[in-house]
Amino acid sequence: MSEILTETPVRDGSVAVVATPPPATEERKGLTKKEIAADHPTWCPGCGDFSVLALYFKLIEKRKMWHEKITTIAGIGCSSRFPYFVQAHGAHYIHGRALPFASGISLSRPDLHVFVFGGDGDAFSIGGNHFTHTARKNIKMTYCVMDNWVYGLTKKQTSPTSPLGFKSKTDQWGAVDYPINPMKQAIAAGATFVARTTSTNPNHVLAMMEAAMDHDGFGFVECLSECVEFYEGAFDAANPRKGGAFNEVPKNHDVSDELAAYKLAGADFPGYFGIFYKNNKPTKNAKEAEINKAMMEKVKGLKDWQILQKNFDRMK
Ligand SMILES: Cc1ncc(C[n+]2csc(CCOP(=O)(O)OP(=O)(O)O)c2C)c(N)n1
Ligand code: SF4
Ligand SMILES: [Mg+2]
């Protein structure tokens, strides 16, 4: 079966023709877990991040995705090592800057699905501003924050999600700064899909990842993922196998109600798990595509240098 050719607007005003292989058929199957799994992950045995990686593979396999249609991006941290362990296109980028990098990919290659993984420090400390702006711009991507309430890679510093009293190398007498609430942060910033899960509940992680991926916009998933080395037992209260409670978002919760979502996010730990908020407002991708289309009409038939000349003439 032949390739499907689609025209993709490029920022410089030109049109790139992207060759898309035909949908999965007998001839071309989606990726298998075996094909997409790279080197053995270097996380500590028992780290919650293993589960998230395994479920990402499962998602790719289940949704019959192809290498050329996905990209896996991360910042820096234990959790951000993620792209190393995925045998596919992706990047382990600068600490806290995964989202702007992913935004560029998402806006310039609308035919790809952009997945971003990272930690609480990467997302809410050094990357805090980028989180806010990517969310408010509603750039299409799926962002999974593997929240372990600590800086794991750098061996136990207080993170923005560490609870009060947490003893770490930066707070020897216990954390005194009030932690941020990732769900409230995401809702307030304007994220259009906000969900919460925990790596100890694999079916739930997969369901949240799938729902986030199917959302046309900025899909944020907070996934509690235990750091067995530096914050052992942090999420026992959310794990029924350890005597905790896994409370799903109540069935009558209205996901389009921002205030109700915010209230849900305020519940004491372990709180709720599931989709808190969903809103279908237009993405930046769609808005930019409209602008590009209109602009391309205006410069139809002109060569690149003629478009540049026009711009320079305007500046005179
Ligand atoms: C610009 C910059 N500042 C600081 C660091 C050091 N650093 C590396 S990872 C990290 C925090 C990682 O914590 P988190 O994002 O929660 O990931 P985890 O290791 O817990 O999965 C820090 C402070 C860095 N690599 N680059
Ligand atoms: S230090 Fe913690 S977060 Fe990092 S790999 Fe080990 S258990 Fe996982
Ligand atoms: Mg962390």
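Our subject is the structure that appears above.
Residues numbered from 1 in each chain as written. Chains lettered and ligands numbered in written order. Predicted model: local features only at pLDDT ≥ 70, side-chain atom pairs only at ≥ 80, totals over all residues. Heavy atoms only, no water.

A. Expanded view of the nonpolar core. Val-116, Tyr-143, Phe-218 and Phe-220 are the most contacted members of the largest nonpolar core, which totals 32 residues. Tallying contributions element by element places helix H3 (residues 98–108) first for this core, with five residues. Aside from chain neighbours lying at most four places away, what touches Phe-220 is Phe-124, Phe-131, Tyr-143, Val-145, Pro-182, Met-183, Ala-186, Phe-193, Val-194 and Ala-195. Core analysis: the next-biggest nonpolar cluster, separate from the first, contains 25 residues, Tyr-56, Ile-60, Val-205 and Cys-223 among them. (Core = buried A, V, L, I, M, F, W, Y, C linked by side-chain atoms within 4.5 Å. Buried < 20%, exposed > 50% of the residue type's maximum accessible area, 1.4 Å probe, protein only. Helix = DSSP H or I, 4+ residues; strand = E, 2+ residues; numbered from the N terminus. Contact = heavy atoms within 4.5 Å.)

B. Examining the pairing of strand E6 (residues 141–147) more closely. Taken across its seven residues, E6 has seven buried, putting it largely inside the fold. Burial of E6 is two-sided: the residues Met-141, Tyr-143, Val-145 and Asp-147 facing one way and the residues Thr-142, Cys-144 and Met-146 facing the other way are all buried. Where strand E5 (residues 113–119) lies against E6, five bridges are found, and the strand directions are parallel. Considered in E6, the bridge of Gly-118 is made with Val-145. (Pairing = 2+ DSSP bridges.)

C. Representation of helix H9 (residues 284–298) within the structure. If you check H9, its first and last C-alpha atoms are 21 Å apart, about what 15 residues at 1.5 Å a residue would give, namely 21 Å. Listed in full, the buried residues belonging to H9 are Asn-285, Glu-288, Asn-292 and Met-296. Along the axis of H9, the buried positions cluster into a sector of 75 degrees, meaning they face one direction only. Within H9, the exposed residues directed more than 90 degrees away from the buried face are Glu-290, Lys-293, Glu-297 and Lys-298. (Expected span 1.5 Å × (residues − 1). Arc of directions from axis to C-beta.)

D. Structural context of the packing of H3 against helix H5 (residues 128–137). Packing of H3 against H5 brings their axes to within 8 Å, and their N-to-C directions diverge by 30 degrees. It follows that H3 is roughly parallel to H5 by the angle criterion. Of the residues in H5, those in contact with Leu-99, Pro-100 and Ser-103 of H3 are His-130, Phe-131 and Thr-134. Class assignment of the residues belonging to the contact of H3 with H5 gives a composition of three nonpolar, three polar and no charged. (Axes fitted to C-alpha atoms, helices over the stretch in contact; angles between N-to-C directions. Parallel < 35°, antiparallel > 145°, perpendicular 65-115°, else oblique. Nonpolar A, V, L, I, M, F, W, Y, C, P; charged D, E, K, R; others polar.)

E. Geometry of the site of ligand 2. Inspection of the region around ligand 2 gives Trp-43, Cys-44, Cys-47, Cys-78, Asn-148, Gly-152, Cys-227, Val-228, Glu-229 and Phe-230 as its neighbouring residues. Across the shell around ligand 2, the residue classes break down as seven nonpolar, two polar and one charged. (Near = heavy atom within 4 Å.)

F. Spotlight on the site of ligand 1. By nearness alone, 16 residues border ligand 1, and Cys-78, Ser-79, Gly-121, Asp-122 and Gly-152 come closest of all. Residue Asp-120 places a side-chain N or O atom 3.0 Å away from an oxygen atom belonging to ligand 1. Across the complex, the protein chains shield 73% of the 590 Å² of accessible surface that ligand 1 would expose by itself. Secondary structure elements with two or more residues in the shell around ligand 1: helix H4 (120–124) and strand E7 (150–151). It is H4 that contributes the most residues to the shell around ligand 1, three residues altogether. (Polar contact = N/O pair within 3.5 Å; in protein donor to acceptor, adjacent residues only side chain to side chain. Areas by Shrake-Rupley, 256 points an atom, 1.4 Å probe, with all protein chains shown as cover.)

G. Focus on the side chain of Thr-198. Locating Thr-198 in the fold gives a position in strand E9 (residues 193–198). Every residue in contact with Thr-198, bar those within four places of it in the chain, is listed here: Val-205, Cys-223, Leu-224, Phe-246 and Phe-273.

H. Highlighting the coordination of the magnesium ion (ligand 3). Those protein atoms acting as donors to the magnesium ion (ligand 3) are Asp-120 (OD), Asn-148 (OD1) and Val-150 (O), and they sit at 2.1 to 2.2 Å. In the primary sequence, the donor residues of the magnesium ion (ligand 3) line up as D-x27-N-x1-V. A residue pair is termed long-range when its members are at least 10 positions apart, and Asp-120 in helix H4 and Asn-148 in the loop between E6 and E7 qualify at 28 residues. The buried category is assigned to Asp-120, whose relative accessible area is 1%. Of the residues examined, Asn-148 reaches a relative accessible area of 10% and is grouped as buried. (Donors = N, O, S within 2.8 Å, 3.2 Å for Na, K, Ca; no water.)

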